[in-house]
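# Examination of the molecular architecture
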Amino acid sequence: TIDDQESRARANHLLTTLSQHPNSWLIVTSAAAIKALKDLVPDLLGKITKDASAIQVVAVGAATAQVLQDCGFTRVAVPERHHAEGILALLESTPPSIAVIPAGNLTLPTLSLGLKTRGWQVFTEILYHTAPVAKTPVSVAALRDGGIDVVVLRSPSAVDALVDHVPHIHPHVLILCVGGTTATAAEKHGLLVSAVADPAYLADLPVQISRMINGGK
């Protein structure tokens, strides 16, 4: 969370927009986004959630939905596919309205652009930053030397961080990407993607990883 006066003003603008337009939608694409709202404008968020039953909310996945529910939002819709395209599919038959989208510096414009093309009015603000760790992780040597069997990448930003720290991954390390967007980002960096997991079935990841390590068995 970027905790400064400007960020608090941005967060206040988003929630004020939400409260002033009864037909607006709060659309949250990461748990970090709603946590940023809670950090920056806790009083206003608390005031809004007192009438949460009247607010239409969409969360990209179950983890984000849980954070929203913990904040007091009682009606949270979750798409079958846990990414921007899944949210667009969920709202396909919804008449154009107002979308309030708290975002991070690496949030892709897919959702905002998709809604705008349908006639929605979109309000979005950057409330948090995602950046690679400055200190070299202890896993770098293992990835470079083949001491790790599988690396799981869950976002394009994770791909960028991996490539920054380990430009040359050992060829024996298998790469599992969660979602097509992450896989595309990995391939653009020249990584050999061994498998792509469906974001809607993350509970199956341990089984998928085991099969990759054991040659598909």
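To be clear, the structure that these remarks concern was listed above.
So, on to helix H3 (residues 42-49). What sets the pattern is the α-helix's 3.6 residues per turn: residues three or four places apart point alike. Buried residues of H3: Leu44, Leu45, Ile48 and Thr49, and no others. Angular distribution of buried residues about the axis of H3 spans 130°; they occupy a single face of the element. Along H3, the residues that are exposed and aim more than 90 degrees away from the buried face are Asp43 and Lys47. Lining the buried residues of H3 we find helix H1 (5-20), helix H2 (31-40) and helix H4 (62-71).

This brings us to the pattern of salt bridges. Per the stated rule, a full pass over the model turns up three salt bridges. Taking the shortest distance from any N to any O, the salt bridge between arginine 10 and glutamate 125 comes out at 4.0 Å. Taken as a pair, arginine 10 in helix H1 and glutamate 125 in strand E5 (residues 121-128) lie far apart in primary sequence, 115 residues in all. Accessibility expressed as a relative area gives 25% for arginine 10, which makes it partly exposed.

Because side chains alternate across strand E1 (residues 25-28), one face comprises the buried residues Trp25 and Ile27, and the other comprises Leu26 and Val28, equally buried. Looking at chain direction, E1 and strand E2 (residues 56-59) are connected through four bridges and run parallel. Bridging from a neighbouring strand, valine 28 pairs with alanine 59 of E2. Bridge count between E1 and strand E4 (residues 98-104): two bridges; the pairing is parallel. Its bridge partner being in E4, leucine 26 is matched across the sheet by valine 100.

All right, on to the environment of leucine 45 then. Tracing the backbone shows leucine 45 in helix H3. Leucine 45 has contacts with Leu15, Leu37, Lys38, Cys71 and Phe73, leaving out every residue within four places of it along the chain.

So, about the sheet that holds E2. The strand order across the open sheet built from five strands is E3-E2-E1-E4-E5, with neighbouring strands paired in parallel fashion. In this open sheet, the two edge strands, each paired with only one partner strand, are strand E3 (76-77) and E5. Strand direction decides the pairing type here: E2 and E3, joined by two bridges, are parallel. Across the sheet, valine 58 pairs through a bridge with alanine 77, a residue of E3.

Definitions and limits used
Residues numbered from 1 in each chain as written. Predicted model: local features only at pLDDT ≥ 70, side-chain atom pairs only at ≥ 80, totals over all residues. Heavy atoms only, no water. Buried < 20%, exposed > 50% of the residue type's maximum accessible area, 1.4 Å probe, protein only. Helix = DSSP H or I, 4+ residues; strand = E, 2+ residues; numbered from the N terminus. Arc of directions from axis to C-beta. Contact = heavy atoms within 4.5 Å. Salt bridge = Lys/Arg side-chain N within 4 Å of Asp/Glu carboxyl O. Pairing = 2+ DSSP bridges.

Limitation: the analysis is restricted to geometry and does not speak to function.
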